[in-house]
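Examination of the molecular architecture
Below, each chain spelled out in residue letters.
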Amino acid sequence: MADTDAAKEAKKFYQDVPMETPGFFLKGAASLDWGMKNRLSRIFNPQTGRTVMLAIDHGYFQGPTTGLERIDLTVVPLMYDADAVMLTRGILRTSVPPTLNKPIVMRCSGGPSILKELSNEELAVDIEDAIRMNVSAITLQVFIGGEFETRSVHNMTRLVDMGLRYGIPTMAVTAVGKDMVRDARYFRLACRICAELGAQIIKTYYVPKDFDTVTASCPVPIVMAGGKKIPVPDALTMAHNAVSQGAAGVDMGRNIFQSETPKAMMQAVRAVVHENMEPADAFDLYKSLTKDTDSQDPK
Ligand code: 5RP
């Protein structure tokens, strides 16, 4: 029987009781194989249990996004400060030096551009190519409630199966359609479906109300997507709230690479995520690092 609004009040999420993780530092990963755990330990810092992932895969459906026009000039330097980098195989092969010793989270879905229905995606990478590129995780969009919901969920389960075959974790990104309500109820639904169907990491959006119910009801680590560019103090506050409410870090793009001084922003986000720095102190750090940075413009 479908869970109805009437049953909502009866739900108990026990947000104050962290899920036990016997024998491994990451939620839901204790029973995974060695290779999978090793890759997860490259993405998530075993000391803090968290990650600062840099998302730069936006071009796979929207072309040369502001801030990503020249990956080689302005974005590669940022990668050295991230714990992991989320990107497409095209950018990895063409623009990223193979000497970059950072875990790669490879975007494996694609199809429609911003001119079409975005939920109509297919898998767009062979697992052999992901292995060839030595990735630490594979990732795709999942459109719960979207027009092509079933297709995107099946894309995910196929990717999870391929990843399990070779010990590569899958990160499911809960995509939000244009007309969808972004609230905790929706994200609980989307994140839980992705975890139930096998994803080892979920990337989702922060919501101001009841985000802790989203993380508590999801048995695998959640990383917070940044979303569109907002003022720096707001972005730092959002990251702080997300990790305080159970997120295992962030996977941020525009709020880092579109900021005035992306390197300073990266350090401020790192302080929030790995040191639990208060947003106001992290903003002070950002300002002081910004003052020391003449210009991020390579020309
Ligand atoms: C959606 C993605 C993007 O990588 C991600 O959401 C973008 O990061 P941000 O929202 O922080 O710019 O998975 O396509």
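Below is a short write-up of the structure. Computed from a predicted structure; not experimentally measured. (Residues numbered from 1 in each chain as written. Predicted model: local features only at pLDDT ≥ 70, side-chain atom pairs only at ≥ 80, totals over all residues. Heavy atoms only, no water.)

1. Structural notes on the pairing of strand 8 (residues 201-205)
Spelled out, the test is: The buried label goes to any residue with under 20% of its type's maximum accessible area, the exposed label to any with over 50%, and the partly exposed label to all in between, with areas taken from a 1.4 Å probe on protein chains only. Counting from the N terminus, the helices are DSSP H or I runs at least four residues long and the strands are E runs at least two residues long. The pairing criterion is simple: DSSP has to find at least two bridges between the two strands.
Extensive coverage of strand 8 is indicated by the burial of five of its five residues. Alignment of strand 7 (residues 170-174) against strand 8, held across three bridges, turns out to be parallel. Bridge assignment links V173 to a residue of strand 8, and that residue is K203. Bridge analysis of strand 8 against strand 9 (residues 222-225) gives four bridges, and the strand direction is parallel. In the sheet register, K203 faces strand 9, and the bridge partner there is V223.

2. A short note on the nonpolar core
Nonpolar side chains in soluble globular proteins tend to be buried together. Here is the rule we go by: By nonpolar core is meant a set of buried Ala, Val, Leu, Ile, Met, Phe, Trp, Tyr and Cys residues that side-chain atoms within 4.5 Å join together. When checking whether two residues touch, look at their non-hydrogen atoms; a contact exists if any pair is within 4.5 Å.
In terms of nonpolar packing, the biggest core is built from 76 residues, with L54, I56, M79, M106 and I202 touching the most fellow members. Sequence-distant contacts of M106, that is, excluding residues within four places in its chain, are made with L87, R89, L92, V125, A130, M133, V135, A137, I138 and T139. Of all hydrophobic cores here, the second largest spans 19 residues; its members include F44, A84, I201 and V223.

3. Side note on a nonpolar patch on the surface
Note the following rule: Surface patches are defined over residues having more than 30% relative accessible area and no salt bridge, joining like charges when they lie within 9 Å and nonpolar side chains (Val, Leu, Ile, Met, Phe, Trp, Tyr) when within 5 Å. Values of accessible area rely on a 1.4 Å probe in the Shrake-Rupley scheme; residue burial ignores everything except the protein chains shown. When a carboxyl oxygen of Asp or Glu lies within 4 Å of a side-chain nitrogen of Lys or Arg, that pair is called a salt bridge.
Residues I114, L115 and L118 make up a contiguous nonpolar surface patch of about 310 Å² in total accessible area. In this fold, L115 is placed in the loop between strand 4 (109-110) and strand 5 (122-123). We classify L115 as exposed; its relative accessible area is 74%.

4. Focus on the site of the ligand
Here is the rule we go by: The near set for a molecule or strand comprises every residue that places at least one heavy atom within 4 Å of it. Here a polar contact means two N or O atoms within 3.5 Å. Within protein one must be a hydrogen donor candidate and the other an acceptor candidate, and residues neighboring in sequence count only if both atoms are side-chain atoms. Just so you know the grouping, Ala, Val, Leu, Ile, Met, Phe, Trp, Tyr, Cys and Pro go in nonpolar, Asp, Glu, Lys and Arg go in charged, and all remaining residues, Gly too, go in polar.
As a structural note, the neighbourhood of the ligand is formed by 16 residues, with D57, H58, G227, G253 and R254 the closest of them. Between D57 and the ligand, the recorded distance is 2.3 Å, taken from a side-chain N or O atom to an oxygen atom. G227 is positioned such that a nitrogen or oxygen atom in its backbone is 2.8 Å from an oxygen atom of the ligand. When the ligand sits alone it has 370 Å² of accessible area, and the protein chains cover 97% of it. For the shell around the ligand, the elements supplying multiple residues, two or more each, are helix 2 (59-62) and strand 8. Here the shell around the ligand is composed, by residue class, of seven nonpolar, five polar and four charged.

5. Considering the environment of L285
Here L285 is to be found in helix 12 (residues 279-292). Sequence separation of L285 and A268 is 17 residues, and the distance between their C-alpha atoms is 6.2 Å. Not counting residues within four places of it along the chain, the set of residues in contact with L285 comprises Q267, A268, A271 and M277.

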